[in-house]
Structure formats: C-alpha cells, structure tokens
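# Summary of structural features
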Amino acid sequence: MIRRLFIANRGEIAFRVIRTAKRLGIETVLGASEADLNSAAAWLADHIVKVGPAPSAQSYLDVAKVIAATKLSGADALHPGYGFLSENVGLARACAEAGIAFVGPSSSSLEAMGDKLMARKVGIEAGLPVVPGGEAGDKEEARRRAQETGYPLLLKAVSGGGGKGMKRVDNESQLDGQIDLAMAEAQASFGDPRIYVERFITSGRHIEVQVLGDGVNAIHLGTRDCSIQRRFQKLVEEAPAALLPDDKRTAIEQAAVDLAKFLAYRGAGTVEFLVDAVTFDFYFLEMNARIQVEHPVTEAITGVDLIEQQLLVAAGSKLALTQEMIRPRGHAIEVRINAENWREDFQPSPGRAASAKWPAGEGIRVDTHIFNGGLVPPFYDSLAGKLIVHGNDRAEAIERLTAALSVFELEGMDSTAGLHAIIAADPRFRAGDVDTRFFGNLNNG
C-alpha cells in the first residue's frame with residue numbers, strides 16, 4: 001500500500017483526495033503554492049511543502065518543482081488531481097524515473113489520449129465511431145477540411161481542453177477569422193497552435209462514461225450527461241444520462257470499455273462521446289485520463305470511491321470490482337458553485353468568504369474548500385465547491401437540488417448558485433430535454 005501521498009493540486013480536489021487517503025491510513029503531503037499555504041486542504045493534510053509562488057506556471061505547472069517537492073517530502077506516490085499537470089506525460093515519466101508511484105495511467109496512455117488527433121486515431125483503431133473531420137495546419141487546409149465536412153463546424157485546439165481554442169464556424173465567411181482566433185488561443189493556452197476541423201452536431205448531447213482499469217481488466221461505472229455547458233465548459237452534470245435508449249447506452253458503455261482495454265488503461269478515466277440528440281448516433285471525442293470534476297455523481301449512484309480505486313491500482317493492486325458488482329442506484333446531479341458574477345458574463349469574483357452556509361441532509365453532498373473565512377485566490381479557477389444531490393429517481397434529485405440551493409449562502413463574493421436555481425426550475429431541464437444548446441436558450445432573467 002502507499003505509505004505517504006503527495007497531492008500536487010489545490011482547492012476542493014486536494015481536500016477530497018486527502019480525505020480518502022486519510023481514511024485509508026495513508027500519510028498526506030500537500031504541495032501548495034504560496035497562495036494556498038493557509039487553505040483548507042493545507043490544514044487537513046498531515047504535512048505541507050511549498051512548491052513555488054502563487055502563479056501556477058511557477059508552481060503547480062512546474063514539473064521540476066513538483067518532483068523536487070515530492071522527493072523532499074519523502075512521499076512514495078503522487079496524486080495530480082485534475083487540471084494542472086494531471087495529464088502531463090512529462091510528470092508521469094519524471095515520477096517513474098524518481099521511483100514515485102504516479103496515481104494515474106501509464107505515460108503511454110497519457111501520450112495516446114493527450115493529443116486530440118492521436119486520440120482520434122487510437123479511437124478508430126479501437127473500433128469507435130468518430131465525428132467526421134481532420135487536422136488543419138493552415139487556412140488553406142482548413143478551407144479544404146471545411147468543404148469536406150460541411151457547416152456548421154468546430155475548430156478545436158489539438159492539445160486543448162476546457163473549451164480553450166474552440167471556435168464554432170457557421171459559414172465560409174467566418175472561417176478565416178475564426179482560424180486566426182483558434183490558433184492564437186491554442187498557442188497562448190497550450191503552447192501548440194495546431195487545430196483540427198470537426199463537424200458540429202447542431203443538436204448534440206455530451207455523454208461520458210466512467211471507466212476503471214488495472215492494465216489488464218477494465219470496467220465501466222455507467223454514463224454521465226454533461227450537456228449543459230457555457231462556452232464548452234460544463235455547468236451541470238448528472239448520472240446516469242437521462243432519456244438514452246437502453247441499446248444506445250449499452251453500446252456507448254461497451255465502446256468505453258473497449259477503448260480502455262485497447263489502451264491497457266490503468267486507473268480512473270472518462271471516455272467522452274457526442275450523441276446526436278435526434279438519432280442517438282454517437283461519436284468518440286476524447287478520453288480524460290484522470291479523475292473528473294464530476295466524478296461524485298458516479299460515486300453517488302454506484303457507492304464506489306473512485307479516489308480509493310485510483311490509489312489501490314497505483315499501489316499495484318488488481319481491480320477488486322467486476323462489472324457485475326456495479327449496480328447503479330437512483331439518480332445524481334452535480335452543480336458547480338463558482339465564485340463568479342454570472343449576470344455580468346461570469347466575471348470572476350475572488351475574495352474571502354465572510355461566511356459560507358453549505359446545505360446538508362439526506363441525499364446531499366458538498367465537496368468544497370471554502371468555509372467561513374475561506375479564500376478564493378485570483379490566480380486560479382473560481383470553483384468554490386460542488387453541490388451533489390442523490391435521489392431515488394431524477395425527479396427526487398431535482399427537488400433535493402432545488403431545496404439545497406434555496407438555503408445555500410456565500411457572503412463576501414458572488415456565486416453561480418442563483419443561475420443553478422434557474423436551471424433547476426426550467427421545464428426543459430426537468431423533462432430531461434437538454435443538449436449542448438440548452439444554456440444559450442436559457443431565460444436567465
């Protein structure tokens with residue numbers, strides 16, 4: 001078993017990983033930037049090591065500093081959380097060279113899934129259907145791809161994620177300008193200006209499948225629907241995906257397992273698909289080779305602690321779970337409570353919480369690092385916490401979500417809780433009639 005775990009992350013996911021590690025009897029070390037030395041995760045961890053100044057480029061994104069801090073701490077394993085270096089091949093290789101167990105997939109899996117073009121190629125080799133499209137190295141090639149693919153289409157950063165470098169193009173007159181913007185944003189965000197062209201499914205749903213693997217065996221833990229997004233960034237996630245025909249659900253889940261087995265995947269991962277909301281045809285998009293922000297909804301319906309499974313596999317254990325043991329129960333919904341002014345184009349609202357009143361009760365879970373006096377620094381993302389509700393069915397989960405949001409209070413900064421209350425009351429959401437256009441059509445007052 002892992003003896004001492006270094007957590008190379010911050011915020012709610014660091015707090016979350018530490019909780020499970022402590023339950024398993026693992027000593028914890030938080031690698032914190034200067035801005036996070038007094039965070040909730042810092043006081044929960046057994047030890048703290050400073051990894052650098054507040055800017056992430058000089059701390060959480062610096063492989064050399066993270067490895068040096070891990071060595072200094074005497075940790076024998078490193079958990080990267082999500083974001084930052086969680087899917088960085090260089091970090092995984094540096095851990096291997098230093099004799100540190102990386103709590104994540106092998107460097108070969110990270111390499112295969114870390115590049116969208118490579119992921120697409122591997123997906124095809126594994127037998128998964130993909131959205132029509134291909135790489136465009138310059139404007140001329142993009143024009144040719146666009147003619148082959150047809151409009152509307154998406155331009156995507158090859159090394160991208162989180163919606164950065166992603167641009168929708170509705171007609172040929174927009175193409176050149178959007179190529180310039182996409183390539184510039186891709187270069188600025190990822191140091192890689194490459195883009196590719198992909199058909200845009202007008203009425204699409206973002207469906208993903210949670211998988212676990214040990215390098216030999218692989219299983220799935222069901223579907224999640226993450227269709228409610230703003231600028232390609234998720235706002236609401238739920239499990240299982242609603243209104244999905246059983247045969248399509250089974251096919252999508254099997255496709256995810258097929259990919260995990262093809263990769264000899266190790267640890268927790270998420271295989272993402274775009275599903276046509278009309279025909280239910282589905283297409284492989286990518287695989288997130290890490291724990292996801294929305295993993296709690298899967299935990300709620302399956303009872304499986306995904307962080308625990310990550311740690312066990314990283315320690316060399318084989319999967320103790322079989323597919324037959326996974327029996328999802330009920331329905332779960334997660335909303336991301338961000339410190340943002342959603343009425344002013346989601347302007348970040350960093351600051352210190354004068355008070356934080358998080359809901360509690362049956363079927364309610366909160367993953368957060370913000371308590372009374374807690375700080376949301378201006379240097380990182382604005383996630384203050386995640387509210388997860390679980391009910392016997394989707395209707396009960398929505399009612400619990402509505403009730404929980406009605407008592408939530410966060411003083412000292414703006415939050416997106418009010419927006420989520422509007423979403424929860426929307427008749428289309430309540431009917432499960434959601435696709436990736438939902439937010440754009442939302443009457444948010």
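In this text the structure is predicted, and so the values were computed from the model without any measurement. (Residues numbered from 1 in each chain as written. Predicted model: local features only at pLDDT ≥ 70, side-chain atom pairs only at ≥ 80, totals over all residues. Heavy atoms only, no water.)

What follows concerns the overall build of the protein. Within the protein, the regular secondary structure consists of 14 helices and 23 strands. Over its C-alpha trace the protein gives a radius of gyration of 21 Å, about what one expects of a compact globule, namely 22 Å for 445 residues. Out of the 445 residues belonging to the protein, those deemed buried represent 58%. Considering only residue pairs separated by 6 or more positions, the protein has 65% of its internal contacts joining residues 24 or more positions apart. Surface accessibility of the protein: about 17400 Å² in total, with carbon and sulfur atoms responsible for 50%. On the protein, the mean spot of the 48 positive side-chain charges and the mean spot of the 58 negative ones are 2 Å from each other. (Helix = DSSP H or I, 4+ residues; strand = E, 2+ residues; numbered from the N terminus. Rg over C-alpha atoms; globule rule 2.2 N^0.38 Å. Buried < 20%, exposed > 50% of the residue type's maximum accessible area, 1.4 Å probe, protein only. Contact = heavy atoms within 4.5 Å. Areas by Shrake-Rupley, 256 points an atom, 1.4 Å probe, with all protein chains shown as cover. Lys, Arg positive; Asp, Glu negative; His and termini not counted. Charge placed at Lys NZ, Arg CZ, Asp CG, Glu CD.)

By volume, the second largest pocket is sized at about 200 Å³. Along its surface, the second largest pocket is lined by 16 residues, and Asn-38, Ser-39, Ala-40, Gly-374 and Leu-375 are the ones closest to its centre. Class assignment for the residues of the lining of the second largest pocket results in six nonpolar, six polar and four charged. (1 Å grid on protein atoms, 1.4 Å probe; cavity = no way out; pocket = protein on both sides within 12 Å on 5 of 7 lines; lining within 4 Å. Points joined across faces, edges and corners; volume = space filled by probe spheres on them. Nonpolar A, V, L, I, M, F, W, Y, C, P; charged D, E, K, R; others polar.)

With that settled, the discussion passes to the environment of Pro-378. Summarising the element assignment, Pro-378 is placed in the loop between strand 21 (375-376) and strand 22 (383-391). With relative accessibility at 60%, the residue Pro-378 sits in the exposed group.

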